[in-house]
Amino acid sequence: MFQTFSVGSDPSLAHERVKRLRALLGEADLAALLVPRGDEHQGEYVAPSSERLCWLTSFSGSAGLAVIAKRQAAVFVDGRYTVQVQAECDAELFEFPGLARATLMTWLTSKLKRGDTLGFDPWLHTVGEIKRLEEALRPAGIKLKATPRNLVDRIWGKERPKPPLEPVLPHAMKYAGRAADIKIATVQKKLKDAGQDAVILTNPDSICWLFNIRGRDVAHNPITLAFAILPVQGKPELFVADEKLTREARSHLDGVVRLAAPDALKERVASLRKAGKRVRLDPERAAWWFGRALGKSFTAGGDPIIPLKAVKNAAEIKGAG
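From a predicted model like this one, the values you see are computed outputs, not experimental measurements. (Residues numbered from 1 in each chain as written. Predicted model: local features only at pLDDT ≥ 70, side-chain atom pairs only at ≥ 80, totals over all residues. Heavy atoms only, no water.)

Is there a simple way to explain the sheet that holds strand 2 (residues 65-69) in this structure?
Backbone-to-backbone hydrogen bonds join strands into a sheet, with any given pair of strands oriented parallel or antiparallel. In spatial order, the strands read 3-2-1-4-5; together these 5 strands make up an open sheet with mixed pairing. A strand with exactly one partner marks an edge of an open sheet, and here the two such strands are strand 3 (73-76) and strand 5 (143-146). When strand polarity is set aside, the average angle formed by the axes of neighbouring strands in this sheet is 20 degrees. Both strand 1 (residues 32-36) and strand 4 (residues 117-120) contribute to a ladder of 2 bridges, which runs parallel. Bridging from a neighbouring strand, Leu33 pairs with Gly119 of strand 4. Sheet strands touched by helix 1 (residues 14-27): strand 1, strand 2 and strand 3. Its angle to strand 2, the strand with the most contacts, is close to 65 degrees. On the sheet, helix 5 (residues 127-137) packs against strand 1, strand 4 and strand 5 and is oriented at approximately 150 degrees with respect to strand 5. (Pairing = 2+ DSSP bridges. Helix = DSSP H or I, 4+ residues; strand = E, 2+ residues; numbered from the N terminus. Axes fitted to C-alpha atoms, helices over the stretch in contact; angles between N-to-C directions. Contact = heavy atoms within 4.5 Å.)

Written out as structure tokens, the structure reads:
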């Protein structure tokens, strides 16, 4: 695991930022807000534009969660960061209870009251995570509500870094060892055997492996940030920013996938639901937004790429040597 231990935000700024965030809580009729470390792909390592937790609290570790309530706030971290969080964050502003699920539930139910609403960004939490939170908070009468726009981004404003647009890099056959069309056909057979019409891929690692591409969108990770939809028949769709696609990348992907802009993703997911398709989605890796958007079309299932890429072929074994 790569960790710089460098502080990316000034803890003295946290008071003003939290104050501004609390003003938005009132506007949104929320009693508190979840601020996680992960991005829209639920990645542990994120681009600067997704460093919301660090910007707000000054905690720079690779895993954590903040809860900002109207009068209290806490930063939850695991045992790796017990010392670091206290060194980086203002103890007058934040509590540091730990990261166990029971600890989070205890804190929430002690700070919030029956009838309160806890806000969350629908892109930054998984389907399974929100389901478990809802079940745990229901006896206390605390509701969850997805925010239409990330509230931290609203106060971050123009200072927030732009999302990364590093070029998509073709991954040569001598390193991949298997052509993308063969990999795609293998996954499509899995979908057919399971009686599923399509799978939504949200993990950049899986997408890069499937299409034999790499990228530099996240430091120290050879990935490009994108989403993909793979139907049981026909070409998959890769939703990736046009600015990332060099001539070489387009040539590499030509005939393998249909390229689409990221903005087209929501409409495409809606069309799958409207058509009544059975769409596979990993509830522990995919954002809550997808589950909500799919409705009854949502079919829970693990990311089918993970077990496939775990079995290395000769070229991959050689490359890892």
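What is the right way to look at the packing of aromatic side chains in this model?
Centre distance and the angle of the planes are the two values used to describe a pair of aromatic rings. Taken as a whole, this structure holds 9 aromatic pairs when the rule is applied. With centroids separated by 5.4 Å and ring planes inclined at 80 degrees, the aromatic side chains of Phe59 and Tyr81 adopt a geometry described as edge-to-face. A residue pair is termed long-range when its members are at least 10 positions apart, and Phe59 in the loop between helix 2 (52-57) and strand 2 and Tyr81 in the loop between strand 3 and helix 3 (82-88) qualify at 22 residues. On the basis of an interplanar angle of 80 degrees and a centroid distance of 5.3 Å, the ring pair of Trp123 and Phe290 is categorised as edge-to-face. With Trp123 in the loop between strand 4 and helix 5 and Phe290 in helix 12 (residues 288-294), this pair connects stretches of sequence that are 167 residues apart. (Phe/Tyr/Trp six-rings, centres within 6.5 Å; stacked < 30°, edge-to-face > 60°.)

It is not clear to me how the pairing of strand 2 should be interpreted in this structure. Could you clarify?
Look at any regular strand and the pattern is simple: side chains alternate between the two faces of the sheet. Buried residues dominate strand 2, accounting for 5 of its 5 residues. Both faces of strand 2 are covered, namely the face carrying Leu65, Val67 and Ala69 and the face carrying Ala66 and Ile68. Pairing of strand 1 with strand 2, which is carried by 5 bridges, proceeds in the antiparallel orientation. Bridge assignment links Ala32 to a residue of strand 2, and that residue is Ala69. Between strand 2 and the antiparallel strand that follows it, strand 3, lie 3 residues. (Buried < 20%, exposed > 50% of the residue type's maximum accessible area, 1.4 Å probe, protein only.)

Help me out: how do you make sense of unusual backbone geometry in this one?
Trans is the prevailing form of peptide bonds, just as negative phi is the prevailing case for residues other than glycine. Non-glycine residue Asp29 carries a positive phi angle of around 60 degrees. Even without being a glycine, Gln42 presents a positive backbone phi close to 60 degrees. Looking at the element boundaries, Gln42 is found in the loop between strand 1 and helix 2. Under the relative-accessibility criterion, Gln42 is labelled partly exposed at 23%.

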